[in-house]
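Working through the structure, step by step
So the chains spell out like this:
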Amino acid sequence: MIKRVLVKFSGEALAGENGFGIDSSILKYIALELKSLVTLGVQVGIVIGGGNFVRGVSASESGLIKRTSGDHMGMLATVINGIAMQEALEYHGVDVRVQSALEIKEVCETYINRRAIRHLEKGRVVIFVAGTGNPFFTTDTAATLRAIEIESEMIIKATKVNGVYDKDPAKFSDAIMLKNISYEQALKDNIKVMDDTAIALAKDNSLPIVVCNMLLEGNLLKIIQKDENAVFSRVSN
Ligand code: UDP
């Protein structure tokens, strides 16, 4: 069984059908999926994106808002999602702490690596928010960075599709799911597993990237338990 894991959810995932904001039924569903891991004694770190509220690139498109400010807005959006997830987990009896890459000390802890690891060792879920704390990065990169820093065995990217495909499964019905691909292939073929910065960081540190469907109930647990029925794609050496 996997002992320590970092799970990345996109902000969009929280929006559900609405496409914006937070759908409480999705929040509850994710909290229960994560609880099933914690109950088994798995140490869980989480990163949630902010795309359900703001993305720096889109916010700055009109030219009115500078990209750096747009990215600050995006990072703050991830704080909103993290606080919501903290509540949902706590509601279901899971101990949890939020740590932010930007100091917002009235709201949550500031990211301190050793403190985060201590929380994990005590069985608390740690939600890492505000991305890397720097503009021009994504939460995929932030999640990869935190996964490496906390010495997670893998990063799980929870998406709306079952894994990595040779072409967009939403557009092509003959798209084939690739079970195992190399970092080089993920970079070269421009398969949008994660952005290039995140993949390169994972590659340099031999961190396996597992891509799975967050909507397949119980699948996250199967991945952690190395169950042969788990559905996912793996990007590694
Ligand atoms: N962001 C940033 N630095 C980081 C992580 C995120 O500036 O280290 C900003 C960026 O504007 C990004 C937004 O936060 O668009 C939300 O994150 P992301 O787009 O990765 O969210 P997701 O697509 O996963 O919902």
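From a predicted model like this one, the values you see are computed outputs, not experimental measurements.

Some details on the overall build of the protein chain
Summing up its helical and strand segments, the protein chain has nine helices and eleven strands in all. The C-alpha atoms of the protein chain give 17 Å as radius of gyration, which agrees with the globular expectation for 237 residues (18 Å, within 12%). Projected onto its principal axes, the C-alpha positions of the protein chain cover 50 × 45 × 35 Å. Looking at the 237 residues of the protein chain, the share that counts as buried comes to 50%. For the protein chain, restricting intrachain contacts to residue pairs at least 6 apart in sequence, the fraction spanning at least 24 positions comes to 71%. A distance of 4 Å separates the average location of the 27 positive side-chain charges in the protein chain from that of its 28 negative side-chain charges.

Let's talk about the UniProt feature "binding site: UMP" (unreviewed entry) in the protein chain
Under the UniProt annotation, the feature "binding site: UMP" (unreviewed entry) is placed at G50, D71, T132, G133, N134, P135, F136, F137, T138 and T139. Look at the named residues: they lie 90 residues apart in sequence, but the longest C-alpha span between them is just 14.2 Å, so in the fold they bunch up. Among the structural elements, T132 can be located in the loop between β5 (125-129) and α6 (139-149). Exposure remark for T132: the relative accessible area of 17% places this residue in the buried category.

Notes on the packing of aromatic side chains
Under the counting rule described, the total for this entry stands at two aromatic pairs. Judged by centre distance (5.5 Å) and plane angle (90°), the ring pair of F20 and F53 falls under edge-to-face. With a gap of 33 residues between them, F20 in the loop between α1 (11-15) and α2 (24-39) and F53 in the loop between β2 (43-48) and α3 (56-59) connect regions that are remote in the sequence. Note on F20: relative accessible area 52%, which makes it exposed. The class of F53 is partly exposed, set by a relative accessible area of 25%.

So, the pattern of salt bridges
Per the counting criterion, the structure on display carries twelve salt bridges. Ionic pairing is found between E121 and R118, a salt bridge with its closest N-O pair at 3.0 Å. You can see E121 and its partner R118 sitting in helix α5 (residues 113-121), three residues apart, about one turn around the helix. D140 is the partner of K157 in a salt bridge, and the nearest nitrogen-oxygen pair spans 2.8 Å. Of this pair, K157 sits in strand β6 (residues 155-159) while D140 sits in helix α6, and the two are 17 residues apart along the sequence. Using a relative accessible area of 15% as the deciding quantity, one classes K157 as buried. On the basis of relative accessibility, which here comes to 8%, the residue D140 falls in the buried class.

Examining the packing of α2 against helix α4 (residues 67-91)
Where α2 meets α4, the closest approach of the two axes is 9 Å, and the angle between their N-to-C directions is 60°. The angle between the axes of α2 and α4 places the two elements in the oblique class. Judged by the sense of rotation from one axis to the other, the crossing of α2 with α4 is right-handed. Residues L27, I30, A31 and L34 of α2 form the contact with α4, whose own contacting residues are A84, M85, A88 and L89. By residue class, the composition of the contact of α2 with α4 is eight nonpolar, no polar and no charged.

Quick look at the pairing of β5
For β5, the tally of buried residues reaches five of five residues, placing the bulk of the element in the interior. Where burial is concerned, the two faces of β5 agree: the one with V125, I127 and V129 and the one with V126 and F128 are both buried. Of the strand pairs in this sheet, β2 and β5 are connected by three bridges, and their pairing is parallel. Within β5, the residue paired with V47 across the bridge is F128.

Examining the site of the ligand
If you check the shell around the ligand, you find 20 residues, and the closest are R55, D71, T132, N134 and T139. In this structure, an oxygen atom belonging to the ligand sits 2.5 Å away from a side-chain N or O atom of D71. The fraction of the free accessible surface of the ligand (520 Å²) that becomes covered by protein chains is 93%. Residue contributions to the shell around the ligand peak at three residues, all from α4.

Re the UniProt feature "binding site: ATP" (unreviewed entry) in the protein chain
The feature "binding site: ATP" (unreviewed entry), as annotated in UniProt, sits at K8, F9, S10, G11, G51, R55, T159, Y165 and D168 in this numbering. The greatest C-alpha distance among the annotated residues, which extend across 161 residues, is 25.0 Å, indicating that they are dispersed rather than converging on a single site. Within the secondary structure layout, F9 lies in strand β1 (residues 4-9). Relative to the helices and strands, G11 resides in helix α1.

Conventions we followed
- Residues numbered from 1 in each chain as written.
- Predicted model: local features only at pLDDT ≥ 70, side-chain atom pairs only at ≥ 80, totals over all residues.
- Heavy atoms only, no water.
- Helix = DSSP H or I, 4+ residues; strand = E, 2+ residues; numbered from the N terminus.
- Rg over C-alpha atoms; globule rule 2.2 N^0.38 Å.
- Buried < 20%, exposed > 50% of the residue type's maximum accessible area, 1.4 Å probe, protein only.
- Contact = heavy atoms within 4.5 Å.
- Lys, Arg positive; Asp, Glu negative; His and termini not counted.
- Charge placed at Lys NZ, Arg CZ, Asp CG, Glu CD.
- UniProt positions renumbered as here; feature names shortened; annotations may be inferred.
- Phe/Tyr/Trp six-rings, centres within 6.5 Å; stacked < 30°, edge-to-face > 60°.
- Salt bridge = Lys/Arg side-chain N within 4 Å of Asp/Glu carboxyl O.
- Axes fitted to C-alpha atoms, helices over the stretch in contact; angles between N-to-C directions.
- Parallel < 35°, antiparallel > 145°, perpendicular 65-115°, else oblique.
- Left-handed = near helix turned anticlockwise from the far one by under 90°.
- Nonpolar A, V, L, I, M, F, W, Y, C, P; charged D, E, K, R; others polar.
- Pairing = 2+ DSSP bridges.
- Near = heavy atom within 4 Å.
- Polar contact = N/O pair within 3.5 Å; in protein donor to acceptor, adjacent residues only side chain to side chain.
- Areas by Shrake-Rupley, 256 points an atom, 1.4 Å probe, with all protein chains shown as cover.

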